[in-house]
Amino acid sequence: MSFRHGLKWLAAAGLSLAMAGCSASSATSESSVSSVNPAESGLDQAEELAGDKLSVLCPTGAPALASLGLADAGAAVEYVDGQDLLVSELSKTDGYDMIIAPVNVGIKTWKDAGAYQLDGILTWGNLYVVSPDENWNESGKTIALFGEQAVPGMVFTDLYPECQANMEFYPSVSEASAALVAGKADSAMLAQPAAAGAIAKASQDGTTLSVVDDLQTAWQDAHESDQKGYPQAALFVKKGKAEEYASQIDALKTYIENATPEKIEQAVDAYGAEQLGVPNAKLAASTWDAQNIHYVPAKDCKEDLQKFLDVFSIQIPDGIIVE
């Protein structure tokens, strides 16, 4: 049973709706942020929240930050922590207009429902190894990880198939971070901005941590991809509707291209870092570049997309990409 809580969205003139990075959470925990009755279904929430507006479902964390341009263009965006609602809504033909989701999740759902096409990639990975020193991958040391059967864990094991450090998986990025800060692990693979949050927290306790490995660079080197990183969160649109949503998609791209730390910080402050899945507004803004957010049409990065899907033994299905 997913837990829901309401947040009153006030769209004042000239103020961008803001959301924040894919955040990892326990597979058994899910919550969403919207302005409607918690007892209503995901689709009912979208309808009441949106009215005649474009309705969008989006995970918290880096994907939420990537979605700022849609909200800025007047879309009604609902944020969810967890994948259950994403999967169920991607399976409907009468649901949200757009859904931002992990690319592998959206493609798997297409095979069953054929409801949402892949328009573009929004986030290209935000995973980093945080450690007191660069010698994290040694026998006798422990690295805290998360997302064992999801993108984070799959990417890590693809890049480090013979990891020397003992790999200990935690249910969420926050728990992996807590293990590192508490000294229960020697290093941790964390997503930004959680990585920056762990470094700041440890500093308060007198421990010096830093980012010692960039998994996006490691992926590009290992797979010779055109883009730095791997296609993680993607924009899925109702089948056959991409042209109808062209102006909103253009607004999304423009917002990302013109984003500044000041603009991001103001937006996160306006709506609450906790609700958006980031440690705080300053960290969300200062790690914007490290979150590797940029829009690339799916039709222009098919080779990089397939290289990533190979990790999951998935082929790009016919008809899913918006051409």
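Reading the values: the criteria
- Residues numbered from 1 in each chain as written.
- Predicted model: local features only at pLDDT ≥ 70, side-chain atom pairs only at ≥ 80, totals over all residues.
- Heavy atoms only, no water.
- Phe/Tyr/Trp six-rings, centres within 6.5 Å; stacked < 30°, edge-to-face > 60°.
- Helix = DSSP H or I, 4+ residues; strand = E, 2+ residues; numbered from the N terminus.
- Buried < 20%, exposed > 50% of the residue type's maximum accessible area, 1.4 Å probe, protein only.
- Lys NZ or Arg CZ within 6 Å of the ring centre and 35° of its normal.
- pLDDT = per-residue confidence, 0-100.
- Contact = heavy atoms within 4.5 Å.
- Axes fitted to C-alpha atoms, helices over the stretch in contact; angles between N-to-C directions.
- Parallel < 35°, antiparallel > 145°, perpendicular 65-115°, else oblique.
- Left-handed = near helix turned anticlockwise from the far one by under 90°.
- Nonpolar A, V, L, I, M, F, W, Y, C, P; charged D, E, K, R; others polar.
- Core = buried A, V, L, I, M, F, W, Y, C linked by side-chain atoms within 4.5 Å.
- Salt bridge = Lys/Arg side-chain N within 4 Å of Asp/Glu carboxyl O.

### Some words on the packing of aromatic side chains
This model, assessed by the stated rule, comprises 7 aromatic pairs. An angle of 50 degrees between the planes, with centres 6.1 Å apart, marks the rings of W136 and F156 as tilted. Highlighted residues: W136 in the loop between β7 (127-131) and β8 (142-146) and F156 in helix α6 (residues 151-159), separated in sequence by 20 residues. For W136, a relative accessible area of 6% puts it in the buried group. Residue classification places F156 among the buried residues on the basis of a relative accessible area of 0%. Between F308 and F312 the ring centres are 5.4 Å apart and the planes differ by 65 degrees, which places this aromatic pair in the edge-to-face class. Assessed through its relative accessible area of 12%, F312 is described here as buried. An aromatic cluster is built from W219, Y230, F308 and F312, whose rings are joined through pairwise contacts. A cation over a ring is seen here: K263 above Y255, with NZ or CZ 4.0 Å from the ring centre.

### Focus on the confidence of the model for the chain
Mean pLDDT over the chain works out to 85, with 84% of the residues at or above the 70 mark. For the stretch residues 1-21, pLDDT sits under 50, and the model shows 74 contacts to residues farther than four places along the chain or on other chains. Per-residue pLDDT stays below 50 along residues 23-29; that stretch engages in 18 contacts with residues further than four places along the chain or on separate chains.

### Brief notes about the packing of helix α7 (residues 173-181) against helix α8 (residues 194-204)
Their axes nearest at 10 Å, the elements α7 and α8 cross at an angle of 25 degrees. As far as their axial angle goes, α8 and α7 are roughly parallel. Crossing angle aside, the handedness with which α7 passes α8 is right-handed. Where α7 abuts α8, its residues V173, S177 and V181 lie against A194, A198, K201 and A202. Within the contact of α7 with α8, the residues separate by chemical class into 5 nonpolar, 1 polar and 1 charged.

### A short note on the packing of α6 against helix α9 (residues 215-223)
In helix packing, the relevant descriptors are the interaxial angle and the interaxial distance, both defined with respect to the helix axes. Orientation of α6 relative to α9, taken along the N-to-C sense of each, is 50 degrees, at an axis distance of 10 Å. In terms of orientation, α6 lies oblique with respect to α9. For the pair α6 and α9, the crossing hand works out as left-handed. Contact with α6, carried on its side by V155, F156, D158 and L159, involves L215, A218, W219, A222 and H223 of α9 and no other residues of that element. Per-class residue counts for the contact of α6 with α9 are 7 nonpolar, 1 polar and 1 charged.

### Considerations on the nonpolar core
In terms of nonpolar packing, the biggest core is built from 65 residues, with L118, V155, F156, L190 and F308 touching the most fellow members. No other element matches the 5 residues that α6 contributes to this core. If sequence neighbours within four positions are ignored, L118 has contacts with V103, A234, L235, F236, A298, L305, I320, I321 and V322. A64, A71, V268 and A281 belong to the second largest nonpolar core, which has 38 residues in total.

### What about α8?
Three or more residues of α8 are buried, namely A194, A195, A196, G197, A198 and A202. Just beyond α8, the residue with positive phi is G206, at close to 85 degrees.

### Here's the deal with the pattern of salt bridges
Using the criterion set out here, one finds 10 salt bridges in the structure. The partner of E138 in a salt bridge is K141, with the nearest N and O atoms 3.4 Å apart. Assessed through its relative accessible area of 34%, E138 is described here as partly exposed. K228 is the salt-bridge partner of D214, the closest N and O atoms lying 3.1 Å from each other. One end of the pair, D214, is in strand β11 (residues 210-214); the other, K228, is in the loop between α9 and β12 (233-238), and 14 residues separate them in sequence. In this structure K228 comes out as partly exposed when scored by relative accessible area, which is 35%. Residues joined by salt bridges that share partners form a network here, namely D133, E138 and K141.

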